[in-house]
Amino acid sequence: MSWLETVRTAYGALRTRRMRSLLTVLGILIGIAAVMLTVGLGQGAQSKVTDQINKLGSNLLIVTPGSATSSAGVRGGRGTATTLTMDDAAVLADPVAAPDIARVAPTSQSSLSVLAGTANWTTTAVGTTPEWVQVRARSVSEGRFFTAAEVAAESPVVVLGQTTATQLFGSSSGGGSSGGGLGGRSPVGQLVTLGGQNLTVIGLLTAEGSTAGGDQDDLAVLPQSTYASRLSTTANPRAVSTIYIEGRDQASLSAAYQQTTKILLAAHGVTAATMDFSVSSQQAIVESATTITRVLTVLLAGIAAISLLVGGIGVMNIMLVSVTERVREIGLRKALGATPSVILRQFLVEASMLGLVGGVAGLALGLLGAAVLPGWIGQPVTISPLAAGAALGVSLAIGIGAGVYPASRAARLAPIEALRSE
Amino acid sequence: MTLPEAIFGDQPAYQGVAPDPEQPEALLDLRGVRKTYQSGSLQVDAVRGIDLQVLAGDYVAIMGPSGSGKSTLMHIIGCLDVPTAGSYRLAGVDVAGMGEQELAHVRNQRIGFVFQSFNLLPGLTAQRNVELPLVYAGVSGPERRARARAALDRVGLADRVDHRPNELSGGQQQRVSVARALVTEPDLILADEPTGNLDSASTAEVLALFGDLHDQGRTIVIITHEHDVADQARRVVVMRDGAISEVRE
């Protein structure tokens, strides 16, 4: 019996029991669509988080101070100590001691109020060096960033993020014409008062959007020296809260990581056990940030997979019923010359058709969901060709797997027993 | 050593006899055929030592009350079941020791079945029902359709090819199943109570068809308990308690 005839016979048998076949297919359909959408949601969330963290810069290492212990013995946790200084940044920037470090941007930041004319706003003031632009992979859309000379001179200049500029000067980018504040003039060249200090706006950063760390466009960047002498509340004017390091390339990032740790251990005169700082790579941040979405995805996909399994049991159930109902038909087919393997193949093809049709319909529903859902829930749903192919493969495998037992029962039926039953 | 001996070595198997060169070899040649069923702890001898030869072109009716073993004999003749002991040669081939796969091929190639309850598949048209044995024989589409149409024409149902069984009368359904039995050009047509579900008009129709087929030289074995059906045959084999009690010419 040819494959074409087998498929035709199986299709005929399924069409005869249309309602039942449809309901069975529905079980597989729901399972496949559920698995695809949960995995798609997880992958979407994961790639969104990864994207956002990658926006922080490329080949990035982040050095934060260790924990500070108060006089009462309370340990404040990571970042509470002020052990990092501009001097650390200077040693790290040494190309001889740290050949795999490309750029270093020591940074301090705090939340401060900013005024421009009558408009006021609270933003994040960032004190840093000119390298910050490259290290954090930012760019200037209007005006310019401050220079090393301005850092040395403690110049009263500031570069604003788009959100901050809009809040203070209205929709102004590109020398805009409308908006509130000071009537839509370009902010560049305007005076703002940040934490009580008058600063001249010399540039605007290109918009970046929101990341896991919040709005990346709500900030005011100024020279570290200006920040330390005029705005900082810490006792040590050389202290910084974070040092951003850009590695030479992705391949040498772990070398850069080791050089950073070694140099800072030596500079601080501490051992690995009494380390008063911590270095984390962007990769590590991505991983820790995606761990939770991954766990959630696995959990949800597991539940969805159970519904798929139930769908598979549905196929097996219906095939068993079908074999029992069609005992006479099987007997007749055997009497007319069908060998056990032909009967086996016929029922396997029936079961796998149920599985595959469910898989195709589930895939269609999954793709539809992937197109519609993001608009509803604001989360991207990523369905890769691999996942789509896997869905079809799995549905076919479930059909075959569920068909094996009923089909072998059919194949083993003795023709006389089968013909005898009324 | 014959195959049945190899399988049923510890039982007194029938010792093969060389065919008599004087006589043409019988199409069906059953010698010492036994069939024993295990029913719980009880051994039931459904058929106990049957010798039966049917020559090509013969028309044999097997009669007997229920429980006489005629159905078991029919299953063995039809290669639906294998004897526990004895030999059965169909067209010169020993089928007693064959496996399921080989038996399926023998049934497909050599035997055409006609059943009491027609056993047509309800979802298929008359044409498709008749095509079924050819499907299992691996005959390609166009040839298969032509042969099925010819067989339906042969039983006078050329105008009913696209009807489903529930659109046909009992007599017509039985003629479709005769067409299905004919379509592979089998050596033997084996009919199990073919008129059991038919009214007298349809019975006469179907019997006339068997008569025609016999006149054309086909070998027919018919199992029945109706005397007027058996009277059409050239030979009547009467069974009682698992053995042949009488043979009428």
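In this text the structure is predicted, and so the values were computed from the model without any measurement.

Colleague: Any chance you could break down the overall build of chain A for me, citing the residues and the numbers?
Modeller: Counting secondary structure elements, chain A contains 13 helices and 12 strands. Expected size for 422 residues packed as a compact globule is a radius of gyration near 22 Å; at 33 Å, chain A overshoots this value by more than 25%. The principal-axis extents of the C-alpha atoms in chain A amount to approximately 105 × 60 × 40 Å. Within the span of chain A, comprising 422 residues, buried residues form 41% of the whole. Partitioning the contacts of chain A with sequence separation of at least 6, the portion at a separation of at least 24 is 77%.

Colleague: So what's going on with the domain arrangement of chain A? Which residues, and what values?
Modeller: When the domains of chain A are assigned, the result is domain 1 (3-52 + 289-420) and domain 2 (82-275). Taking only C-alpha atoms, the centre of domain 1 of chain A and the centre of domain 2 of chain A are 56 Å apart.

Colleague: So what's going on with the interface of chain B and chain A? Residues and values would help.
Modeller: Often, the extent of an interface is quoted as the loss of accessible area on bringing the components together. Every contact between the two is made by 19 residues of chain B and, on the other side, 17 residues of chain A. Residue assignment for the side of chain B that touches chain A shows that the elements contributing at least two residues are α3 (100-110) and α4 (126-137) of chain B. It is α3(B) that provides the largest number of residues to the side of chain B that touches chain A, a total of six residues. The residue makeup of the side of chain B that touches chain A, split by class, is nine nonpolar, seven polar and three charged.

Colleague: Talk me through the sheet that holds strand β5 (residues 93-94) of chain B; I want residue IDs and the actual numbers.
Modeller: Residues and elements named next belong to chain B. The antiparallel open sheet is built from four strands, whose spatial order is β2-β1-β4-β5. What marks the edges here is a single partner per strand, and that holds for β2 (42-54) and β5. Relative to β2, strand β1 (residues 28-39) runs antiparallel, the two being bridged by 10 bridges. Note that in β2 the partner of Arg 34 across the bridge is Arg 48.

Rules used in this analysis
- Residues numbered from 1 in each chain as written.
- Chains lettered and ligands numbered in written order.
- Predicted model: local features only at pLDDT ≥ 70, side-chain atom pairs only at ≥ 80, totals over all residues.
- Helix = DSSP H or I, 4+ residues; strand = E, 2+ residues; numbered from the N terminus.
- Rg over C-alpha atoms; globule rule 2.2 N^0.38 Å.
- Buried ≥ 20, exposed ≤ 12 C-beta atoms within 10 Å, placed from the backbone.
- Contact = placed C-beta atoms within 7 Å.
- Domains from an automatic or database assignment.
- Nonpolar A, V, L, I, M, F, W, Y, C, P; charged D, E, K, R; others polar.
- Pairing = 2+ DSSP bridges.

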